[in-house]
Every structure is written in C-alpha cells, then in structure tokens.
Amino acid sequence: MEGETFLLNGTAYPFKIIRERRKSARASFTQEGLIVKLPHYLTQIETEKYLTSFKIWAHKQVLKHPHLLQPPRQYRDGSLFKVRDRTFTLRFFYEERSS
C-alpha cells in the first residue's frame, strides 16, 4: 500500500493506492480519504493513466458532493444534534457487563 496526497483547491487530501489480485481498477472515498485499488499486472504507464483519471473523477465528485472529504462527525457525551426542528442531547451510559 502506497500513501500519497492529491491537491484539491489548495488542500492536500490523503490518497492510498492498494495493489491487489483483481481484474479491474476502482476508486472510492472513505473516512481515510481516496482509496484506489489497482491490479498487480498493470504497467507503469497504465497505472499513471488510471491514477490521472481517478484524480479527475475525485475532483468532479468533490465539487458535486463537498461533504465527501469532510472529517467524520465526532460524537461525545453531551453533543447536540438537530433533527428537523427538534434538538437532542446525546448521553452515553457505561455499565459493567460479564461476557
């Protein structure tokens, strides 16, 4: 697994390349950033073509859906969140359990 970053509007975002036994290439957004999965057998030129096309795809997706690269929401005891016109307070309760 290789770790890189790609620039989008002047901000660097995590970008991981994973080589696998697979027939096709794919890209997806996760909480860790952009993940690109590529077959082992690709040549360097083919790899660069896929990476370029996936970075263009990622740029278009982020423009359409800006929330894709936002950090995941952190939930803590006492956090407030709103659903429609009601506000709720999140409370965590811990208890000892035998397993």
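Novice: Kindly report on the overall build of the protein, identifying the contributing residues and their values.
Specialist: When helices and strands are counted, the protein shows 1 helix and 6 strands. Reading the helices (α) and strands (β) of the protein from amino to carboxyl end gives β-β-β-β-α-β-β. Relative to the globule expectation of 13 Å for 99 residues, the C-alpha radius of gyration of the protein, 19 Å, shows a markedly less compact shape. With the C-alpha coordinates aligned to their principal axes, the bounding extent of the protein is approximately 55 × 40 × 20 Å. Within the protein, the fraction of its 99 residues that count as buried is 25%. A fraction of 23% describes how many contacts in the protein between residues 6 or more apart in sequence connect residues 24 or more apart.

Novice: Run through the environment of R73, naming residues and quoting values.
Specialist: Structurally, R73 can be placed in the loop between α1 (44-64) and β5 (80-83). Sequence-distant contacts of R73, defined by excluding residues within four places in its chain, comprise L80 and F81.

Novice: Break down the nonpolar core for me, with residues and values.
Specialist: Among the nonpolar cores identified, the biggest contains 17 residues, and F6, F15, L34, V36, L38 and L69 are the most heavily contacted of them. Elements that contribute at least two residues to this core include exactly β1 (2-8), β2 (11-20), β3 (26-30), β4 (33-39) and α1. Among the elements that take part in this core, α1 stands out by supplying 4 residues, more than any other.

Novice: I'd love a proper account of the side chain of S79, names of residues and values included.
Specialist: Along the chain, S79 turns up in the loop between α1 and β5. Within polar-contact distance, the side chain of S79 engages the backbone oxygen of R76 at 2.8 Å.

Novice: Can you tell me about the environment of H65, naming the residues and giving the values?
Specialist: Within the secondary structure, H65 is located in the loop between α1 and β5. Counting along the chain gives 34 residues from H65 to Q31, while the straight-line C-alpha distance between them is 14 Å.

Each value, and the rule that gives it
- Residues numbered from 1 in each chain as written.
- Predicted model: local features only at pLDDT ≥ 70, side-chain atom pairs only at ≥ 80, totals over all residues.
- Heavy atoms only, no water.
- Helix = DSSP H or I, 4+ residues; strand = E, 2+ residues; numbered from the N terminus.
- Rg over C-alpha atoms; globule rule 2.2 N^0.38 Å.
- Buried < 20%, exposed > 50% of the residue type's maximum accessible area, 1.4 Å probe, protein only.
- Contact = heavy atoms within 4.5 Å.
- Core = buried A, V, L, I, M, F, W, Y, C linked by side-chain atoms within 4.5 Å.
- Polar contact = N/O pair within 3.5 Å; in protein donor to acceptor, adjacent residues only side chain to side chain.

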